[in-house]
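Structural overview for review
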Amino acid sequence: MESFFYRDNELRCEEVRVADIASRVGTPAYVYSRASVRNHCAWFENSLGEIPHLSCYAVKANAGRPILAEIARAGLGADVGSYGELHLALRAGFDPAKITFSGVGKRDDEIEFALGAGIHSLNVESAEELQAVDGAAARLGVRARVLLRVNPGIDAPTHSYMATGSRATKFGIAEGEIREIVAAGARYPHVTFAGLHSHIGSQIVTPGSFSAAARGLVRFFRELNGRGAGLEMINIG
């Protein structure tokens, strides 16, 4: 947050006095730093270096179109959870090939809109949703790239309402069921199993749970590919 600092006991954003902004537009007001957004995007990309990757910003975190447009210009992708978020991401300038669609309870029209827009992939939560994606792809005459959301069985240190990766939660698919889904891939002729996905919760401030989830995904990814699954990627959520 180097773009926000105090000088002469006055808060500034990129050399602009925040008090001047408040006097012009009134309060409450949200003030963002374009330089800070750009710097944080660059930090994410530079930290991964030459590792093949796609960084996706969670649109649910901030739906401000100017902010999203800045992130899109930085070359990042978008993670969306609804038709509205997908529409907003496209309007903000995100490359459809860099958009991934997460979220539970996707409607058929949302799935069809996403496939028609040519997005990168859909994160699938259940065998029933996978069937819906296959049907939508058949109607559109396209092939859907999906990532199967694994329930990693990790109880992350956060509020119980925000923990989504433990065995007791309703989110994701158990490894045993994913094995069966992949083995029965012929049931989904309009779907390509592109990889695995997990999301263990929100507002987690310790790295250990993420490391454990990532290691579990890598292990399971290698197991499935050892059986000929042909998976390409891992989305660590």
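For clarity, every value in this text was computed on a predicted model and none was experimentally measured.

**Thoughts on the sheet that holds strand E4 (residues 56-58)**
Sheets are built from strands that pair by backbone hydrogen bonding, the pairs being arranged parallel or antiparallel. Strand order in this open sheet of seven strands is E4-E5-E6-E7-E8-E9-E10, and the pairing throughout is parallel. A strand with exactly one partner marks an edge of an open sheet, and here the two such strands are E4 and strand E10 (233-235). Taken over all neighbouring pairs, the strand axes of this sheet differ in orientation by 30° on average, direction set aside. Strand direction decides the pairing type here: strand E6 (residues 99-101) and strand E7 (residues 121-124), joined by two bridges, are parallel. The residue bridging Phe101 from the neighbouring strand is Leu122, located in E7.

**Topic: helix H4 (residues 83-91)**
Within H4, burial applies to Leu86, Leu88 and Ala89. Axial view of H4: buried residues confined to an arc of 165°, hence all on one face. In this structure, the buried side of H4 is in contact with helix H3 (65-73), strand E5 (77-80), E6 and helix H5 (108-117). Phi for Gly93, located one or two positions after H4, is positive at around 105°.

**Quick word on the state of the cysteines**
What makes a disulfide is a covalent bond joining the sulfur atoms belonging to two cysteines. Taken as a whole, this structure holds zero disulfides when the rule is applied. Between Cys41, a cysteine without a disulfide, and Cys56, which holds the nearest cysteine sulfur, the sulfur-to-sulfur distance is 12 Å.

**Remarks on the pairing of E7**
Taking every second residue as pointing to the same face, both faces of E7 are buried, with Ser121 and Asn123 on one and Leu122 and Val124 on the other. What joins E6 to E7 is H5, and the crossover it makes is right-handed. Relative to strand E8 (residues 144-149), E7 runs parallel, the two sharing three bridges. By the bridge assignment for E8, Leu122 is matched with Val146. Handedness of the crossover joining E7 and E8 through helix H6 (residues 127-140): right-handed.

**Regarding the packing of aromatic side chains**
Evaluation of the coordinates by the stated rule reveals three aromatic pairs. On the basis of an interplanar angle of 80° and a centroid distance of 5.4 Å, the ring pair of Trp43 and Phe44 is categorised as edge-to-face. On the accessibility criterion, Phe44 (43% relative accessible area) is partly exposed.

**Quick notes on the pairing of strand E1 (residues 4-7)**
Pairing of E1 with strand E2 (residues 10-13) involves four bridges; the strand directions are antiparallel. Note on E2: the bridge partner recorded for Tyr6 is Leu11. Turn length for the E1-E2 hairpin, with the two strands adjacent in sequence and antiparallel, is two residues, and the turn residue Asp8 shows positive phi of about 55°.

**Things to note about the environment of Val205**
Tracing the sequence through the fold places Val205 in the loop between strand E9 (191-197) and helix H8 (208-226). For Val205, a relative accessible area of 77% corresponds to the exposed category. Note: C-alpha distance between Val205 and Ile99 (106 residues apart in sequence) is 25 Å.

**With respect to the pattern of salt bridges**
According to the stated counting rule, one finds 18 salt bridges in the structure shown. Among the salt bridges present, the one from Glu110 reaches Arg107, with a minimum N-O distance of 3.9 Å. The partly exposed category is assigned to Arg107, whose relative accessible area is 45%. The partner of Glu112 in a salt bridge is Arg139, and the shortest N-O contact between them spans 2.6 Å. Here Glu112, found in helix H5, pairs with Arg139, found in helix H6; they are 27 residues apart in sequence, far enough to count as distant. What makes Arg139 exposed here is its relative accessible area of 51%. Within the structure, one salt-bridge network assembled from shared partners comprises Glu175, Arg179, Arg219, Glu223 and Arg227.

Definitions and cut-offs
Residues numbered from 1 in each chain as written. Predicted model: local features only at pLDDT ≥ 70, side-chain atom pairs only at ≥ 80, totals over all residues. Heavy atoms only, no water. Pairing = 2+ DSSP bridges. Helix = DSSP H or I, 4+ residues; strand = E, 2+ residues; numbered from the N terminus. Axes fitted to C-alpha atoms, helices over the stretch in contact; angles between N-to-C directions. Buried < 20%, exposed > 50% of the residue type's maximum accessible area, 1.4 Å probe, protein only. Arc of directions from axis to C-beta. Contact = heavy atoms within 4.5 Å. Disulfide = S-S within 2.5 Å. Right-handed = clockwise from strand over helix to strand, strands pointing away. Phe/Tyr/Trp six-rings, centres within 6.5 Å; stacked < 30°, edge-to-face > 60°. Salt bridge = Lys/Arg side-chain N within 4 Å of Asp/Glu carboxyl O.

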